[in-house]
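# Per-entry structural report
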Amino acid sequence: QVQLVESGGGLVQAGGSLRLSCAASGRTFSSYDMGWFRQAPGKEREFVATIRWSGGDTYYADSVKGRFTISRDNAKNTVYLQMNSLKPEDTAVYYCAAVRGWIIKTDTAYDYWGQGTQVTVSS
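Residues numbered from 1 in each chain as written. Predicted model: local features only at pLDDT ≥ 70, side-chain atom pairs only at ≥ 80, totals over all residues. Heavy atoms only, no water.

## Quick word on unusual backbone geometry
What counts here: Helix numbering and strand numbering both begin at the N terminus, where a helix is a DSSP run of H or I of at least 4 residues and a strand a DSSP run of E of at least 2.
Phi at Asn77 is positive, roughly 55°, even though this residue is not glycine. Mapping Asn77 onto the fold places it in the loop between β7 (68–73) and β8 (78–83). One non-glycine residue with positive phi stands out, namely Ser85, at about 50°. Inspection of the secondary structure assignment puts Ser85 in the loop between β8 and β9 (92–99).

Here it is in structure tokens:
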């Protein structure tokens, strides 16, 4: 069992940065690949990024590649999403999730989810 709690969301101007954190409880966190998803109002939840259990591999959606960086610290049971050069279209609720499997972009495949954190980018 893994419990996930996101933090770090907020309101930022276009071009700004935010760092999201996802704190996990449970001794098996380091055995899970982790993903970030987002859901904008009226839209389906979409894949943003994923990181291997070891932290050695990452994969991004084309829409965020070069602007967002996913990382993790297994000693702290935490995964991060550094978001730079934010755009209004990045506005969404951001969720972290845990899965055993690599480059899983389908949200229904994930085993555990956080409650989400709101990111709002003003123009």
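## Some words on the side chain of Asp33
Put simply, the rule is: The definition of a polar contact used here is a pair of N or O atoms within 3.5 Å, where within protein one atom must be able to donate a hydrogen and the other to accept one, and adjacent residues in sequence count solely through side-chain atom pairs. Contacts are assigned to residue pairs that have any heavy atoms within 4.5 Å of one another.
Summarising the element assignment, Asp33 is placed in strand β4 (residues 33–39). A polar contact of 3.3 Å, which involves the side chain of Asp33, links it to the backbone nitrogen of Gly101. Look past the residues within four positions of Asp33 in its chain and what remains in contact with it is Ile51, Arg52, Trp53, Arg72, Ala97, Ala98, Val99, Arg100, Gly101 and Trp102.

## Describing the nonpolar core
Our working definition: We call a set of buried residues a nonpolar core when its members are Ala, Val, Leu, Ile, Met, Phe, Trp, Tyr or Cys and they connect through side-chain atoms within 4.5 Å of each other. Only protein chains enter the area calculation, which uses a 1.4 Å probe; residues under 20% of their type maximum are buried, those over 50% are exposed, and those in between are partly exposed.
Counting 36 residues, the largest nonpolar core has Leu4, Met34, Trp36, Leu81, Met83 and Tyr94 as the members making the most contacts within it. Of all the secondary-structure elements, those providing two or more residues to this core are β3 (18–25), β4, β5 (46–51), β7, β8, β9 and β11 (117–122). The element that contributes the greatest number of residues to this core is β9, accounting for 6 residues. Among residues more than four places away in sequence, those in contact with Leu81 are Leu18, Arg19, Leu20, Trp36, Val48, Ala49, Phe68, Thr69, Ile70 and Tyr94.

## Focus on the packing of aromatic side chains
Going by this rule: The aromatic pairing rule takes the rings of Phe, Tyr and Trp, using the six-membered ring of Trp, and pairs them if the centres are within 6.5 Å, calling planes under 30 degrees apart stacked, those over 60 edge-to-face and the rest tilted.
The tally for this structure, following the rule as stated, stands at 7 aromatic pairs. Taking 5.1 Å as the distance between ring centres and 55° as the angle between the ring planes, the aromatic pair formed by Phe37 and Trp113 counts as tilted. Residue Phe37 is found in strand β4, and its partner Trp113 is found in strand β10 (residues 112–113); the two are separated by 76 residues along the sequence. When its relative accessible area of 25% is taken as the criterion, Trp113 is described as partly exposed. Here the aromatic rings of Tyr110 and Trp113 are separated by 5.9 Å at their centres, their planes lie at 55°, and the arrangement is tilted.

## Regarding the sheet that holds strand β1 (residues 3–7)
The cut-off we apply is this: At least two DSSP bridges between two strands are needed for those strands to be called paired. Between N-to-C directions, angles span 0 to 180 degrees; the directions come from axes that are lines fitted to C-alpha atoms, helices contributing only their stretch in contact.
Pairing is antiparallel across the open sheet formed by 4 strands, whose spatial order is β1-β3-β8-β7. Of all strands in the sheet, those with a lone pairing partner are β1 and β7, marking the two edges. Strand-to-strand twist of the sheet, defined as the mean angle between neighbouring strand axes without regard to direction, takes the value 15°. Two strands pair when backbone bridges link them, and β1 and β3 are joined in this way by 5 bridges, in the antiparallel orientation. When the sheet's bridge partners are listed, Gln3 is paired in β3 with Ser25.

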